[in-house]
Amino acid sequence: MNRWFDKFPILGKYVPGKITLSFLLVLLSFAFFIIFGTRDRMFCFYAMMFSFIGDFALNYSTSPSERPFEWFLVGGVSFVAAHIFYCISYIIKASIKGISFFNVGALIVFVMMIVITIYFLVKAKEMRRSKLFIFATIYLWLTSVNYMVVISYAVSIKSIESIVALGGLSFLASDVIIGLEQLTGLKSKTARELVWWLYPIGQIILIIMA
């Protein structure tokens, strides 16, 4: 999807399409906050702002090999913050509607996290990347709180809003692919392009359905 924005008017001459796309999502979240003016929309805007910071830190250079580790760390911390703000947004929505988070949706995500963690652990040992595994695991479990909240909300609400589950799963899938790239040395053009479909689609759904 980011390729569509590589030649975006004016911005396309100065920044990569990934950053342009992320900036447009910031504007989308801000527009929904201005229109509806609710606290949950406000936190979605905060989430997208931190996502933009993360996207900038991870994509300002053309090659990952040119990216200092400090920028990689900034990107990871920024995305953790983004997930936390999305989580707060949907906790607010759930509390207003009196929805419980302890349901089959939260259980499914919890089991998924355990399976993914075990798989990453095996791959990390094979590739001798145990230190990176620790960082990836901490990131995965910090962000998984958001996935649990969003999916359990989708299961409980039982309405058109349940589509938010697709947003949470899309976001999770993009993170898993990135984890595979970092821990297993996965080098796939298809996987890299898939990240930039799953990630923005997930964000769009989370923003719109908040």
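Up top is the structure.
Fair warning: this is a prediction, and the values are worked out from it, not measured in the lab.

**Student:** Outline the pattern of salt bridges, listing residues and values.
**Tutor:** Following the criterion strictly, the structure yields 3 salt bridges and no others. A salt bridge links E161 to K97; its shortest N-O distance comes to 2.6 Å. Note that E161 is positioned in the loop between α5 (130-157) and α6 (164-184) and K97 in helix α3 (residues 69-97), a separation of 64 residues in sequence. The network of salt bridges with shared partners includes K93, K97 and E161.

**Student:** I'd like a description of the environment of T143, backed by residues and values.
**Tutor:** On the secondary structure map, T143 appears in helix α5. Note: C-alpha distance between T143 and I84 (59 residues apart in sequence) is 7.1 Å. The residues contacting T143, other than those within four sequence positions of it, are V80, H83 and D175. A distance of 2.9 Å separates a polar atom in the side chain of T143 from the backbone oxygen of Y139.

**Student:** I'd love a proper account of the packing of aromatic side chains, names of residues and values included.
**Tutor:** By the definition in use, this model includes 16 aromatic pairs. On the basis of an interplanar angle of 45° and a centroid distance of 6.2 Å, the ring pair of F45 and Y46 is categorised as tilted. A residue is classified by how much of its surface remains accessible, and F45, at 16% relative accessible area, is buried. Residue classification places Y46 among the partly exposed residues on the basis of a relative accessible area of 33%. R41 extends its terminal NZ or CZ atom over the ring of F36, reaching a point 4.6 Å from the ring centre.

Rules used throughout
Residues numbered from 1 in each chain as written. Predicted model: local features only at pLDDT ≥ 70, side-chain atom pairs only at ≥ 80, totals over all residues. Heavy atoms only, no water. Salt bridge = Lys/Arg side-chain N within 4 Å of Asp/Glu carboxyl O. Helix = DSSP H or I, 4+ residues; strand = E, 2+ residues; numbered from the N terminus. Contact = heavy atoms within 4.5 Å. Polar contact = N/O pair within 3.5 Å; in protein donor to acceptor, adjacent residues only side chain to side chain. Phe/Tyr/Trp six-rings, centres within 6.5 Å; stacked < 30°, edge-to-face > 60°. Buried < 20%, exposed > 50% of the residue type's maximum accessible area, 1.4 Å probe, protein only. Lys NZ or Arg CZ within 6 Å of the ring centre and 35° of its normal.

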